[in-house]
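Observations on the three-dimensional arrangement
What follows is each chain in one-letter form.
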Amino acid sequence: MGRAAELYRLCERRPAAAAALSDAGTLACVRDDHDRSRELLHRARETWQACGAELAADRTATYLADVPVQRRGFDDPVPEPSLEQWASLTETEVRVARLVARGLTNKAIATRLTLSPNTIGTHVRNAFTKLQVTNRVELALQVIAHDRERPSRRCR
C-alpha cells in the first residue's frame, strides 16, 4: 500500500495517493505498528488537505486520533484501569468519556451526539464518580489506560 501511495504521488494523483496512504495506515494499525500507522495517516491527512478534500482530511484525522500512542522508556503517568469501574459505565458514558479524552468540550460532545450540554455534563459527572476521578485530565488518562489494555479493535 505504501508503494502504491508513492507511485500515485509520483504520477501526481494526489487523491489516490491519500487514499492509499490511509489504507496503509489502517493496515499498519491492525498489525499493531502504531508508530507507522500514525505516520502514514498523518501524511494521508496532509495530502487530503493539499487536495482541498477537507471532509476526507477530517475523517483521516479521526482515524489518526484512534491510533494508540506507544510510550517508551519513562514512567507511565497513566493509572491502571479498573475493569470493575469501567464495567459500571453505561455505553453513553463510555462514548462521552472517550470524547472528553479527545479534548472535546461538553458543548462539542453534545453537538456530536445530538444531546443537550446538560445531559453531557451529567454523563461526565457520572463517569467521574464511577471511575473515581476529579477532573477531565484524570478521566482522559483513565480512557487511555483502559483502551491500551484492550485489543486494537478501534483500528479500522
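This one's a predicted model, so the numbers in the text were calculated from it and none came from an experiment. (Residues numbered from 1 in each chain as written. Predicted model: local features only at pLDDT ≥ 70, side-chain atom pairs only at ≥ 80, totals over all residues. Heavy atoms only, no water.)

1. A look at the overall build of the protein
Along its length, the protein carries 9 helices and 0 strands. Tracing the protein from N to C terminus, the helices and strands come up as α-α-α-α-α-α-α-α-α. Residue burial in the protein is summarised as follows: out of 156 residues, 37% are buried. In the protein, 56% of the contacts between residues at least 6 apart in sequence involve partners at least 24 apart. Carbon and sulfur atoms provide 52% of the accessible area of the protein, an area that totals close to 9300 Å². (Helix = DSSP H or I, 4+ residues; strand = E, 2+ residues; numbered from the N terminus. Buried < 20%, exposed > 50% of the residue type's maximum accessible area, 1.4 Å probe, protein only. Contact = heavy atoms within 4.5 Å. Areas by Shrake-Rupley, 256 points an atom, 1.4 Å probe, with all protein chains shown as cover.)

2. Let's talk about the packing of helix α2 (residues 14-30) against helix α3 (residues 34-51)
Direction vectors running N to C along α2 and α3 enclose 160 degrees, while the axes themselves pass 8 Å from each other. Compared by their axis directions, α2 and α3 come out roughly antiparallel. Crossing angle aside, the handedness with which α2 passes α3 is left-handed. Across from R14, P15, A18, A19, L21, S22, A24, G25, T26, A28 and C29 in α2, the residues of α3 making contact are H34, R36, S37, L40, L41, R43, A44, T47, W48, A50 and C51. (Axes fitted to C-alpha atoms, helices over the stretch in contact; angles between N-to-C directions. Parallel < 35°, antiparallel > 145°, perpendicular 65-115°, else oblique. Left-handed = near helix turned anticlockwise from the far one by under 90°.)

3. Structural notes on the nonpolar core
Membership of the largest hydrophobic core comes to 19 residues, with the highest contact counts inside it found for V96, I109, I120 and L139. Listing elements by their share of this core, those giving two or more residues are α6 (91-101), α7 (106-113), α8 (117-131) and α9 (136-149). Look past the residues within four positions of I120 in its chain and what remains in contact with it is V96, N106, I109, A110, L113 and L115. Among the nonpolar cores identified, the runner-up in size contains 5 residues, and A24, A28, L40 and A44 belong to it. (Core = buried A, V, L, I, M, F, W, Y, C linked by side-chain atoms within 4.5 Å.)

4. Things to note about the pattern of salt bridges
Scanning the entire structure with this criterion turns up 2 salt bridges. The salt bridge partner of E39 is R36, with a shortest N-O separation of 2.8 Å. Remark: R36 and E39 occur in helix α3; sequence separation between them is 3 residues, near one turn of the helix. Judged by its relative accessible area of 31%, R36 is partly exposed. For E93, the salt bridge is made with K130, and the minimal N-O distance between the two is 2.9 Å. Here K130 lies in helix α8 and E93 lies in helix α6, a separation of 37 residues in the sequence. A relative accessible area of 3% places E93 in the buried class. (Salt bridge = Lys/Arg side-chain N within 4 Å of Asp/Glu carboxyl O.)

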